[in-house]
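Here is how the chains run, residue by residue.
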Amino acid sequence: MESKLTELLEWLHQHPETGLEEHETTEKLRQVLQTHGVEVLDSGLPTGLIAVIRGERGDGRIIGLRADIDALPVQEDTGLSYASLNAGKMHACGHDFHAASVMGAALMLHERRGEWGGTVKVVFQPAEEIDAGGRLVMETGLVDDCELFLAGHTYAGFEAGVMGIKEGPVMAAIDRFSVTVTGKGCHAAHPHKGIDPIPALSAMVQSVQSIVSRSMDPFAPGLVSVTHLEAGNTWNVIPETAFMEGTVRTLDAQDRQLAEKRFREIIAGTAAAYGVTAGIDWHHGSPAVVNDPALCVLARKVAQRCGITPAVQENTLGAEDFSLYGQGRPALFVRVGTGGQWPAHHPRFTVDPAALYPTAVFFAEMALACLRGEA
Ligand code: NI
């Protein structure tokens, strides 16, 4: 099993495909599942797939296990013998590791299906990086009946053999905004004949920072990042419009609502003060990833049984559409120590293959413990 999984990891690493283009990846995963006699559901997903394993000891709980499978538009610079064969694409976030370890768990659960009752649905999700795949999986309706969901992510901050497990919110809700301010264009020498949108936009960029510093609880993690500005195209014309966009990240659902409310108030108030109009486009992305306390307690026990050392994982205001699987049901998202010198999304990002087999065993044992009703 161990060599089979290493082979799969290397194959996936050599064949990275970005979101919604994971055709070869999907075919490879389907082949491995079918070679071992694991049923693949007819999901209608454009890429990615959902497999199902039914225990032979009768009905029981239905639980979900999820791996994402997409790569990034990054040119690999690791020097690995199994480096990417697809120019400009790389598994720089370790989703190849996720797919291979969850495949390992699926094959182990399938091999041992005579020992347990219930059902495990295994999701190989496309397009996590572009915040699209989780929603597509939800829309299939095939995971509606799962009572709980398990997943993990590689983490360079821990060595192989260490796993971050933490109760409560661990990754942020991700919202995106854009604001278009409209004034009245005119000659730069006659500002009184127009309404300059640039001072208004500048005031907005400054003022929205007060959401985190003045409106939110100082102990609550959150941020507002304005990342893109546009206005005008030359030095002697006051433009008609000015534009900004960026992102708001929060861990707490109430803070998420508060941040949006304050944002809208600040933009509207500033627009009124400067005599411009402001249109806001607000996009609600994935909610926060929130770990179920009982699953965390169980995960620590199971990790130790598998020879993995549990550690406390740090919160991040990065986002993950795994949060969608945790809406209305308990979920667990662990940080799998995979070592390496470089962080995720870096051209030299690597995972330590030594973490692969133990992670597969962890997910299989965790699924079995959940099927037995231990959490
Ligand atoms: Ni990732």
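Keep in mind that this is a model prediction, so the values were computed, not measured.

Engineer: Explanation requested: the sheet that holds strand β1 (residues 39–40) in the structure shown.
Structural biologist: Within a sheet, each strand pairs with its neighbour through backbone hydrogen bonds, oriented either parallel or antiparallel. The mixed open sheet is built from eight strands, whose spatial order is β1-β2-β4-β3-β5-β16-β6-β15. Each edge of the sheet is formed by a strand with only one pairing partner; in this case those strands are β1 and β15 (309–311). Note: strand β6 (residues 162–164) against strand β16 (residues 331–337), two bridges, orientation antiparallel. Its bridge partner being in β16, Met163 is matched across the sheet by Val336. Packing against the sheet, helix α3 (residues 95–111) makes contact with β2 (49–54), β3 (62–68), β4 (119–125), β5 (148–155) and β16, and its axis sits at approximately 150 degrees to β3. Seen against the sheet, helix α8 (residues 293–305) touches β5, β15 and β16 and runs at an angle of roughly 35 degrees to β16.

Engineer: What is the right way to read the pattern of salt bridges from this model?
Structural biologist: Side-chain pairs of opposite charge can arise where the charged atoms are in close proximity. Tallied over the entire structure, the rule returns 20 salt bridges. In this structure, Glu21 engages Lys89 in a salt bridge whose closest nitrogen and oxygen atoms are separated by 3.7 Å. On the criterion of sequence distance, the pair formed by Glu21 in the loop between α1 (2–14) and α2 (23–35) and Lys89 in the loop between β3 and α3 is long-range, its members being 68 residues apart. You can call Lys89 partly exposed: its relative accessible area is 26%.

Engineer: Even after reading the chapter, I still don't get the pairing of β16, so can you show me in this structure?
Structural biologist: Of all the seven residues making up β16, seven are buried; the element is thus mostly covered by neighbouring parts of the structure. Burial along β16 is two-sided: the residues Ala331, Phe333, Arg335 and Gly337 and Leu332, Val334 and Val336 are all buried. Strand direction decides the pairing type here: β5 and β16, joined by seven bridges, are parallel. Residue pairing in the sheet places Gly152 in a bridge with Val334 of β16.

Engineer: It is not clear to me how the coordination of the nickel ion should be interpreted in this structure. Could you clarify?
Structural biologist: For a metal with four tetrahedral donors the ideal donor-metal-donor angle is 109.5 degrees, whereas six octahedral donors ideally subtend 90 or 180 degrees. Distances from the nickel ion to its protein donors, Cys93 (SG), His95 (NE2) and His153 (NE2), fall within 2.1 to 2.3 Å. Along the chain, the residues that donate to the nickel ion are spaced as C-x1-H-x57-H. The exposure classification of Cys93 matches that of His95, with both residues buried.

Engineer: Help me understand the pairing of β2, please; the structure alone is not making it clear to me.
Structural biologist: Where a strand is regular, its side chains alternate between the two sheet faces. For β2, the buried fraction is high: five of the six residues fall into the buried class. Taken together, the two bridges between β1 and β2 define a ladder with antiparallel strand orientation. Bridging across to β2, Val40 finds its partner in Ala51. With six bridges connecting them, β2 and β4 associate as antiparallel partners. The residue bridging Ala51 from the neighbouring strand is Val122, located in β4.

Engineer: Which parts of the structure should I look at to understand unusual backbone geometry?
Structural biologist: Excluding glycine, residues mostly carry a negative phi; peptide bonds, for their part, are mostly trans. With phi around 70 degrees, Leu20 is a residue other than glycine that occupies positive phi space. By the secondary structure assignment, Leu20 is in the loop between α1 and α2. By relative accessible area, Leu20 is classed as partly exposed at 35%. Non-glycine residue Asp131 carries a positive phi angle of around 55 degrees.

Engineer: Can you walk me through the sheet that holds strand β10 (residues 222–231) in this structure?
Structural biologist: Overall, antiparallel pairing links the four strands, which are arranged β10-β12-β8-β13 in an open sheet. Both edges of this open sheet fall to β10 and β13 (277–284), since each of them pairs with a single strand only. Direction aside, the axes of adjacent strands within the sheet are offset by 15 degrees on average. Here strand β8 (residues 173–182) runs beside β13; their pairing, made up of eight bridges, is antiparallel. Each bridged residue has a counterpart across the sheet, and for Phe177 the counterpart in β13 is Trp282. Strand contacts of helix α5 (residues 197–207): β8, β10, β12 (241–250) and β13, with the helix running at about 10 degrees to β12, the strand carrying the most contacts. Here helix α7 (residues 253–274) sits on the sheet in contact with β8, β12 and β13, set at roughly 165 degrees to β13.

About the thresholds
Residues numbered from 1 in each chain as written. Predicted model: local features only at pLDDT ≥ 70, side-chain atom pairs only at ≥ 80, totals over all residues. Heavy atoms only, no water. Pairing = 2+ DSSP bridges. Helix = DSSP H or I, 4+ residues; strand = E, 2+ residues; numbered from the N terminus. Contact = heavy atoms within 4.5 Å. Axes fitted to C-alpha atoms, helices over the stretch in contact; angles between N-to-C directions. Salt bridge = Lys/Arg side-chain N within 4 Å of Asp/Glu carboxyl O. Buried < 20%, exposed > 50% of the residue type's maximum accessible area, 1.4 Å probe, protein only. Donors = N, O, S within 2.8 Å, 3.2 Å for Na, K, Ca; no water.

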